[in-house]
Amino acid sequence: MTKSDSTNLATSQHWDIFCAVVDNYGDIGVTWRLAKQLAAEYQLSMILWVDDLNSFSHILPELDPSKAIQSFNQVIIKQWNQPLDLDYQPGAVLIEAFACELPPQVIEQINHYHRSSEHTAPLWLNLEYLSAEDWVEGCHGLPSLQSSGIKKYFYFPGFTPKTGGLICEADLLVQRAAWQNDIQHKQSLFAELGLTGIAPEDKVISIFSYESPSLAALCSHWQQGDKKIHALIPLGRSLNSLKHYFPDLTQLQAGQSVTIDNLTLHILPMTDQQNFDRLLWSCDFNIVRGEDSFLRAQWAAKPFIWHIYPQEDDYHLIKLRAFMALYCHNLAPEIANSWTALNLAFNQGDTDTVIAAWEHVGNANKPLQQHVLQWQIDALNDADLATRLVQFVKNS
């Protein structure tokens, strides 16, 4: 199905996405990108319901958290209060992002439409978290019969053709290549962010992680190195691991920096998604967390560490290993082993191993850089998540 063919899918009926913000930016980052892409590339009428507009405003600075209804990028954004105090009218599709538990009023409305001879109930989807685990292929697209008789389908993003795909806008990789082919773009962005003292030969690393002793260990290692390193860190959780550099975190402001030996730490403001992408494109190495930033680091075509969200019984390490096995499939064993060790050590707080692995990964920069470019092609598997989602809706 072409994108123009999809217009008939929702010209008369909108799509709703409900998002409960759990990890500050991860859940809303994914749903906001998806809503924007569906509106821009498929001309769908999108309504995004969000329960925490304050967190949302960090990645959409134009958003007014005090307004219940507003519109940006052709997407209507509505405040999801408990109980729901805005009218919900079922559309063509209802997306429950990450099992967020829809409001009772919404469930009542879609059940009413399901029983009605005058209305058609929306196609109900649960957009799941991204995972590279083998079982995802078998669960993607499966229906779950609800007590009312309506079906809810489980939609799993993933890295293989039998999954729901990955969020990647149609022109993203072309934009990224054009940006990286002109050094002036990077220099202009750094100037816009108020960054100074970064020479062309210096190494620049972006850091958007959770707390980890491994981060403190790497910074100590970098300051003692023989090459100047600039670490770009937004105000947030990463800084909790670097209190020895910034004793009073409450006084920190964007634009501040501190230099210790060969390491300079720059404090960045939170930014919108477009500039976050450009920041990742402009750095030599990226440390990212969660799901949205994790995927954007892959599209940045630069080496990275994924600091995955910790889960009970270390289940997050199972997810991490599943991704690393897939990601390293075509890497030379010695490079794959070093990159795997680096990611595991960072996530496990193994400070000795993380430093040793960092040195090995740095020495393999050229083959690793070739790998990250090829990975983008392999991971997309000819169709992004929005394209596969629209096709799934049509087929269902």
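Everything here concerns the structure above.
Residues numbered from 1 in each chain as written. Predicted model: local features only at pLDDT ≥ 70, side-chain atom pairs only at ≥ 80, totals over all residues. Heavy atoms only, no water.

**Considerations on the packing of helix α6 (residues 172-180) against helix α9 (residues 273-282)**
The packing of two helices is summarised by the inter-axis angle and the distance between the axes.
Logical step 1: Where α6 contacts α9, the two axes come as close as 10 Å, and the packing angle between them is 50°. Considering their axes alone, α6 and α9 lie oblique with respect to each other. Judged by the sense of rotation from one axis to the other, the crossing of α6 with α9 is right-handed. Note on element contacts: α9 touches α6 through D277, R278, W281 and S282, opposite L172, Q175, R176, W179 and Q180.
Logical step 2: For the contact of α6 with α9, the class distribution of residues is 3 nonpolar, 3 polar and 3 charged. (Axes fitted to C-alpha atoms, helices over the stretch in contact; angles between N-to-C directions. Helix = DSSP H or I, 4+ residues; strand = E, 2+ residues; numbered from the N terminus. Parallel < 35°, antiparallel > 145°, perpendicular 65-115°, else oblique. Left-handed = near helix turned anticlockwise from the far one by under 90°. Contact = heavy atoms within 4.5 Å. Nonpolar A, V, L, I, M, F, W, Y, C, P; charged D, E, K, R; others polar.)

**Some words on a nonpolar patch on the surface**
Logical step 1: Together, W135, Y315 and I318 line one region of the surface with nonpolar side chains, adding up to about 290 Å² of accessible area.
Logical step 2: By the secondary structure assignment, Y315 is in helix α11 (residues 315-327).
Logical step 3: With relative accessibility at 30%, the residue Y315 sits in the partly exposed group. (Patch = residues over 30% accessible without salt bridge, like charges linked within 9 Å, V, L, I, M, F, W, Y side chains within 5 Å. Areas by Shrake-Rupley, 256 points an atom, 1.4 Å probe, with all protein chains shown as cover. Salt bridge = Lys/Arg side-chain N within 4 Å of Asp/Glu carboxyl O. Buried < 20%, exposed > 50% of the residue type's maximum accessible area, 1.4 Å probe, protein only.)

**As for the side chain of S214**
Logical step 1: With respect to the helices and strands, the residue S214 is situated in helix α8 (residues 213-223).
Logical step 2: For S214, a relative accessible area of 0% gives the class buried.
Logical step 3: A polar side-chain atom of S214 sits 3.0 Å from the main-chain carbonyl oxygen of A345.
Logical step 4: Apart from residues no more than four positions distant in its own chain, S214 is found in contact with A345, F346, G349, D350, T351 and V354. (Polar contact = N/O pair within 3.5 Å; in protein donor to acceptor, adjacent residues only side chain to side chain.)

**Things to note about the sheet that holds strand β7 (residues 143-145)**
Logical step 1: Strand order across the open sheet formed by 8 strands is β3-β4-β2-β1-β5-β6-β8-β7, with mixed pairing between neighbours. If you trace the sheet from one side to the other, it starts and ends with β3 (69-72) and β7, each paired once. The mean angle between the axes of side-by-side strands here comes to 25°, regardless of whether they run parallel or antiparallel.
Logical step 2: Note: strand β1 (residues 15-19) against strand β5 (residues 93-97), 4 bridges, orientation parallel. (Pairing = 2+ DSSP bridges.)

**Some details on the nonpolar core**
Logical step 1: Counting 117 residues, the largest nonpolar core has W15, L38, F56, W222 and F323 as the members making the most contacts within it.
Logical step 2: Contacts of F323, omitting those with residues within four sequence positions, involve A132, F159, F294, Q298, F304, W306, W339 and W375.
Logical step 3: Core analysis: the next-biggest nonpolar cluster, separate from the first, contains 15 residues, A20, Y88, I110 and I150 among them. (Core = buried A, V, L, I, M, F, W, Y, C linked by side-chain atoms within 4.5 Å.)

**As for the sheet that holds strand β9 (residues 203-207)**
Logical step 1: Across the sheet, which stays open at both edges, the 6 strands sit in the order β11-β12-β10-β9-β13-β14 with mixed pairing between neighbours. Single-partner strands in this sheet number two, and they are β11 (257-260) and β14 (304-307). Here the strands of the sheet are splayed against their neighbours by 15° on average, with no regard to which way each runs.
Logical step 2: Both β11 and strand β12 (residues 263-268) contribute to a ladder of 4 bridges, which runs antiparallel. By the bridge assignment for β12, I260 is matched with L263.
Logical step 3: Relative to β14, helix α12 (residues 333-348) is tilted by about 35°, and along the sheet it contacts β13 (285-289) and β14.

**Observations concerning the environment of H119**
Logical step 1: Take H119: it is sitting in the loop between α4 (104-115) and β6 (123-127).
Logical step 2: Remark: the alpha-carbon pair of H119 and P90, spanning 29 residues in sequence, is separated by 9.4 Å.
Logical step 3: A distance of 3.2 Å separates the side chain of H119 from the side chain of S116, its partner in a polar contact.

**Section: the environment of A231**
Logical step 1: Locating A231 in the fold gives a position in strand β10 (residues 229-234).
Logical step 2: The exposure class assigned to A231 is buried, which follows from its relative accessible area of 0%.
Logical step 3: Measuring from C-alpha to C-alpha, the distance between A231 and V204 comes to 6.1 Å, with 27 residues separating the pair along the chain.

**Notes on the packing of aromatic side chains**
Logical step 1: Under the defined criterion, the tally for this structure stands at 28 aromatic pairs.
Logical step 2: Aromatic side chains Y210 and Y309 sit 5.6 Å apart centroid to centroid with 70° between the ring planes, which places their arrangement in the edge-to-face category. A residue pair is termed long-range when its members are at least 10 positions apart, and Y210 in the loop between β9 and α8 and Y309 in the loop between β14 and α11 qualify at 99 residues.
Logical step 3: Residue class for Y210 comes out buried when judged on its relative accessible area of 1%.
Logical step 4: Take Y309: its relative accessible area is 42%, and that puts it in the partly exposed class. (Phe/Tyr/Trp six-rings, centres within 6.5 Å; stacked < 30°, edge-to-face > 60°.)

**A few points about the pattern of salt bridges**
Logical step 1: Counted under the stated rule, the structure contains 6 salt bridges.
Logical step 2: Between R33 and D277 there is a salt bridge, with its nearest N and O atoms 3.3 Å apart. A residue pair is termed long-range when its members are at least 10 positions apart, and R33 in helix α2 (residues 26-42) and D277 in helix α9 qualify at 244 residues. D277 matches R33 in its accessibility class, with the two residues each being buried.
Logical step 3: A salt bridge links K152 to E96, with the nearest nitrogen and oxygen atoms 3.5 Å apart. Placement of K152 in strand β8 (residues 151-155) and of E96 in strand β5 is noted, with a sequence separation of 56 residues between them.
Logical step 4: In this structure, a network of salt bridges that share partners links the residues R33, E169, D277, D292 and R296.

**Remarks on helix α13 (residues 351-363)**
The periodicity of an α-helix, 3.6 residues per turn, causes residues three or four positions apart to be oriented the same way.
Logical step 1: For α13, which comprises 13 residues, the first-to-last C-alpha distance of 19 Å matches the rise-based estimate of 18 Å (1.5 Å per residue) to within 8%.
Logical step 2: Among all positions of α13, only V354, A357, W358 and V361 are buried. Along α13, the residues classed as buried sweep out an arc of 115° about the axis, all on the same side. Turned more than 90 degrees away from the buried face of α13, the exposed residues are D352, H360 and N363.
Logical step 3: Packed against the buried residues of α13 are β9, α8, β13, α12 and α14 (365-380). (Expected span 1.5 Å × (residues − 1). Arc of directions from axis to C-beta.)

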